[in-house]
Amino acid sequence: MPLKRGKSKKTISANIKELMKKTPSKARSKAIGTLAKRTGESRADARRRQAVAIALSAAGKSRTPRKKRK
């Protein structure tokens, strides 16, 4: 199923859920493994980060940077 169009939080959230639900393609699966290895996190966390990035990209938005603690 293709991703929904739109910029609302509801649409982005639905797209993230859709990406997490379906099985990743061979290329995306390899990218998830590479991301997990580079960042030292689990494949599930890497898959979630990638799903968020894809959904935000489809919506034409970027992730807001976290504030650094002093």
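Each remark here, short or long, concerns the structure printed above.
One structure accompanies this document, and this report is about it. The model shown is predicted, which means the values in this text are computed figures rather than measured ones. (Residues numbered from 1 in each chain as written. Predicted model: local features only at pLDDT ≥ 70, side-chain atom pairs only at ≥ 80, totals over all residues. Heavy atoms only, no water.)

### Some details on the overall build of the protein chain
As a reminder, the rule being used: Every helix listed is a DSSP run of H or I at least four residues long, and every strand listed is a run of E at least two residues long, numbered separately from the N terminus. Burial classes: relative accessible area under 20% of the type maximum marks a residue as buried, over 50% as exposed, and values in between as partly exposed (1.4 Å probe, protein chains only). In what follows, a contact means two residues having at least one pair of non-hydrogen atoms within 4.5 Å. In this description, accessible areas are obtained by the Shrake-Rupley approach with a 1.4 Å probe, and a residue is regarded as covered only by the protein chains that are shown.
If you tally the helices and strands in the protein chain, you get three helices and zero strands. Listing every helix and strand of the protein chain by position from the N terminus yields α-α-α. With the C-alpha coordinates aligned to their principal axes, the bounding extent of the protein chain is approximately 40 × 30 × 15 Å. Counting the 70 residues in the protein chain, one finds 26% classified as buried. A sequence separation of at least 24 residues applies to 46% of the contacts in the protein chain between residues at least 6 apart. Of the roughly 5900 Å² of accessible surface on the protein chain, a fraction of 54% belongs to carbon and sulfur atoms.

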